[in-house]
Amino acid sequence: MSKFSDDDLVEILRLTYQEKRSSRYISDTYGCGKSTIGDFLRKDTYKDFWLAHEEKPVASGEIHTPDDVRQELSGKRFVFTSAQNNTFVHDKFLKTLEGYCLHNEAELIVGTFHYNKKGFQKGSEEGVWYDPKVRKYVLDESRQIAEGLLWCGELNIVPSAVNPISGLHNYTNRSSGIIPHSKLQLESLPTPKHDTCRMMYTTGSVTQRNYIEMKAGQKARHHHSFSALVVEVDNQGDWFVRQLCAEKLTGNFFDLEYYYTPEGIAFDGEPCCVEGLNFGDIHAAKLDPVVADVSWRSTESIMERLMPSNVFLHDVMDHQNRNHHNIKDPYFRFKMFHNKTESVEDEVYLTASVIEEMTNKGANVVVVESNHDLALSRWLKEQDYKQDPVNAIFFLDLQLATYLALKEGEDFSVFEYACNLLNPEIWDVKFLRTDESYLICGDIECGAHGHNGNNGARGGVAAFQKQGIRVNIGHSHSANIKDGVYQAGVSGKLEMGYNIGGSSWSHSHIVTYSNGKRAIITLRNGKWRG
């Protein structure tokens with residue numbers, strides 16, 4: 001197309017910044033490519049025009065909110081990532097992403113961010129450019145991906161931001177959001193109790209590491225992630241987000257059953273090697289039957305499809321029948337009596353039965369010591385069997401076994417003992433002890449539940465961030481990704497009686513692939529993928 005006139009360029013600016021028209025709309029209006037409009041708006045071309053007009057005083061304003069002008073994306077599958085200015089792409093990763101999109105009929109979308117290597121983030125953008133290999137994928141505008149999920153391509157967050165999601169918790173109102181950024185993060189946000197929790201994601205980047213050699217830049221370089229997010233939207237409008245984390249040297253990545261490379265799919269139709277599957281906290285007595293069916297019970301479950309080498313179970317027992325939190329609540333005790341659900345032995349039997357369901361799938365089943373499982377031991381320490389006739393015999397059986405083990409100096413877990421006593425079929429299940437390590441893929445710690453932090457303090461994502469390790473935990477029932485810490489959600493019901501008020505809980509599991517890369521799968525309405 002011939003060069004624009006100055007009047008054309010002024011009109012393009014008006015359409016962009018006043019009417020909030022998309023690059024696609026403007027390119028259709030002027031009969032040119034989107035990249036041409038993008039080049040102009042990023043000042044890659046028509047520099048004479050910009051030099052002449054930027055020196056003039058500018059006044060502007062608007063009355064519309066982003067919701068008023070946001071357009072919807074068309075399609076069912078998308079891959080989102082980000083790109084930094086004046087930085088070359090990771091060629092192999094980009095090629096793998098392009099092949100992935102071709103194979104899965106997905107649209108690749110790239111959000112850009114500006115980083116001034118002179119160290120002044122609000123400095124001049126003169127000379128800013130983006131690798132031509134990604135320009136055709138750039139979408140630096142807000143878009144509705146599906147009901148309840150937004151692409152926040154308009155956000156330009158400096159890559160050295162420690163917590164890029166910080167301050168944006170209500171930016172998308174009631175929707176979840178995807179933010180272009182070089183870090184890969186996920187944070188679950190609370191919503192009113194009976195609404196689905198919101199999630200804020202960052203994408204990781206398709207461009208190479210390119211930072212200043214100062215503290216902020218060096219930290220950003222360390223946490224830079226060659227990754228993207230895939231979004232699948234099914235015919236009912238339910239959406240599913242997963243992380244695509246690339247190997248830094250090859251650009252290859254796993255996604256569920258397949259291993260993608262720049263040359264194509266390495267495993268076509270055969271299950272890939274999933275090293276670990278961390279289910280969200282089980283809570284057998286309050287287990288969501290739909291989640292159990294989708295996750296491990298049905299022939300099309302996550303466990304059947306991915307065939308993990310190791311399965312990790314957290315808070316497998318709920319211990320609702322005699323939990324220390326409500327042991328002195330007379331109303332709760334009456335309800336348990338009325339419903340005939342007072343027997344601790346019955347709950348342990350139920351818990352052991354759920355564990356047994358995992359044992360015939362070909363995986364090593366590992367029960368991670370968790371605070372709810374430990375409640376059985378606390379019950380023996382603190383309660384009086386003489387005041388609890390329903391549980392007296394079982395109480396005394398476990399108490400005697402505990403004292404005999406102490407006498408012999410055994411490494412004893414009364415929870416393991418009780419489960420094996422009531423269901424001998426789970427004899428080969430691994431029950432971890434306090435602070436016992438269980439590594440997969442060389443350095444990913446899977447032996448921590450998350451309730452214990454550092455130096456005897458309470459746990460949480462922040463506590464494990466400080467340890468400087470890669471770790472998969474549970475405990476909070478809220479999915480999270482932060483600097484090497486992955487946290488699963490819950491497999492139990494989203495209403496357990498004690499999570500009063502807003503909730504960030506979700507039915508989310510952690511998948512760890514054989515190359516050490518990870519993803520979080522979140523279930524929606526009885527489904528786990530689009």
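Residue positions are given per chain, counting from 1 as you read along its sequence in written order. The predicted nature of this model means local features are confined to residues of pLDDT at least 70 and side-chain atom pairs, given and counted, to a pLDDT of 80 or more, with totals for whole chains, interfaces and linings taken over all residues. For side-chain calculations, the full set of non-hydrogen atoms in the structure is used, while hydrogens and water are omitted.

A. Molecular detail of the environment of Tyr 258. Secondary structure elements are defined from DSSP: runs of H or I of at least 4 residues count as helices, runs of E of at least 2 residues count as strands, and each element is numbered from the N terminus. Position of Tyr 258 relative to the elements: it lies in strand S12 (residues 258–261). Residues Tyr 258 and Cys 273 lie 15 residues apart in sequence; the distance between their C-alpha atoms is 9.1 Å.

B. Expanded view of the nonpolar core. The term nonpolar core refers to a set of buried residues drawn from Ala, Val, Leu, Ile, Met, Phe, Trp, Tyr and Cys, joined through side-chain atoms within 4.5 Å. Accessible area is worked out with a 1.4 Å probe on protein chains only. A residue is then buried under 20% of its type maximum, exposed over 50%, and partly exposed in between. Membership of the largest hydrophobic core comes to 49 residues, with the highest contact counts inside it found for Phe 279, Trp 296, Leu 313 and Ile 355. For this core, the element with the highest residue contribution is helix H12 (residues 344–358), accounting for six residues. By definition, residues are in contact when any of their heavy atoms lie within 4.5 Å. Setting aside residues no more than four positions away along its own chain, Phe 279 makes contact with Ser 295, Trp 296, Met 303, Val 311, Phe 312, Leu 313, His 314, Met 358, Ala 488, Ser 491 and His 509. Phe 78, Ile 145, Leu 149 and Met 199 belong to the second-largest nonpolar core, a separate cluster that totals 27 residues.

C. Representation of helix H14 (residues 392–408) within the structure. The length a helix should cover is 1.5 Å for every residue beyond the first. Its 17 residues give H14 an end-to-end C-alpha distance of 24 Å, which sits within 8% of 24 Å, the value for a rise of 1.5 Å per residue. Among all positions of H14, only Ala 392, Phe 394, Phe 395, Leu 398, Gln 399, Ala 401, Thr 402 and Ala 405 are buried. Buried residues in H14 make contact with H12, helix H13 (371–382) and helix H15 (414–422). Following H14 by one or two positions, Gly 409 has its phi on the positive side, about 70°.

D. Molecular detail of the pattern of salt bridges. What makes a salt bridge here is a side-chain nitrogen of Lys or Arg within 4 Å of a carboxyl oxygen of Asp or Glu, nothing more. Inspection of the entire model under this criterion finds 21 salt bridges. With a closest N to O distance of 2.6 Å, Lys 133 and Asp 91 form a salt bridge. Within this pair, whereas Lys 133 is found in helix H7 (residues 132–135), its partner Asp 91 is found in helix H6 (residues 91–104), the two being separated by 42 residues in sequence. Take Lys 133: its relative accessible area is 43%, and that puts it in the partly exposed class. For Asp 91, a relative accessible area of 42% gives the class partly exposed. Salt-bridge contacts for Glu 436 lead to Lys 430; the nearest nitrogen and oxygen are separated by 3.2 Å. Residues joined by salt bridges that share partners form a network here, namely Arg 77, Glu 232, Arg 242 and Asp 255.

E. Spatial organisation of the sheet that holds strand S3 (residues 107–113). Strands are treated as partners if at least two bridges between them are detected by DSSP. Across the sheet, four strands lie side by side as S3-S2-S9-S10; this open sheet has mixed pairing. Two strands in the sheet have a free side with no partner beyond their single neighbour: S3 and strand S10 (239–245). On average, each strand axis in the sheet is tilted by 25° relative to the strand beside it, whichever way the strands run. Here seven bridges tie strand S9 (residues 227–233) to S10, and the two strands are oriented antiparallel to one another. Helix axes use the C-alpha atoms of the stretch in contact, all axes being lines fitted to C-alpha atoms, and the angles between their N-to-C directions lie in the range 0 to 180 degrees.

F. Quick look at the environment of Gly 456. Relative to the helices and strands, Gly 456 is located in the loop between strand S19 (444–445) and helix H16 (461–467). When its relative accessible area of 80% is taken as the criterion, Gly 456 is described as exposed. In this structure, the C-alpha to C-alpha distance between Gly 456 and Val 206, residues 250 residues apart in sequence, is 40 Å.

G. Layout of the confidence of the model for the protein chain. Looking at any residue, its pLDDT shows the predictor's confidence there, from 0 to 100. Across the protein chain, the average pLDDT comes to 89, with 93% of residues at or above 70. For the stretch residues 120–124, pLDDT sits under 50, and the model shows six contacts to residues farther than four places along the chain or on other chains.

H. Structural view of the packing of H13 against H14. Put simply, H13 and H14 touch, their axes get as near as 10 Å, and they point 95° apart. In this view, H13 runs roughly perpendicular relative to H14, as classed from their interaxial angle. Across the interface between the two elements, Leu 376, Trp 379 and Leu 380 from H13 touch Phe 395, Leu 398, Gln 399 and Thr 402 from H14. We call Asp, Glu, Lys and Arg charged. Ala, Val, Leu, Ile, Met, Phe, Trp, Tyr, Cys and Pro are nonpolar, and the rest, Gly among them, are polar. Tallied by class, residues from the contact of H13 with H14 come to five nonpolar, two polar and no charged. Angles below 35 degrees are treated as roughly parallel, those above 145 as roughly antiparallel, those between 65 and 115 as roughly perpendicular, and all remaining angles as oblique.

I. How the structure looks around the state of the cysteines. The term disulfide is used for any two cysteine sulfur atoms that are within 2.5 Å. Following the criterion strictly, the structure yields zero disulfides and no others. There is no disulfide at Cys 101, and the cysteine sulfur nearest it, in Cys 245, is 15 Å away.

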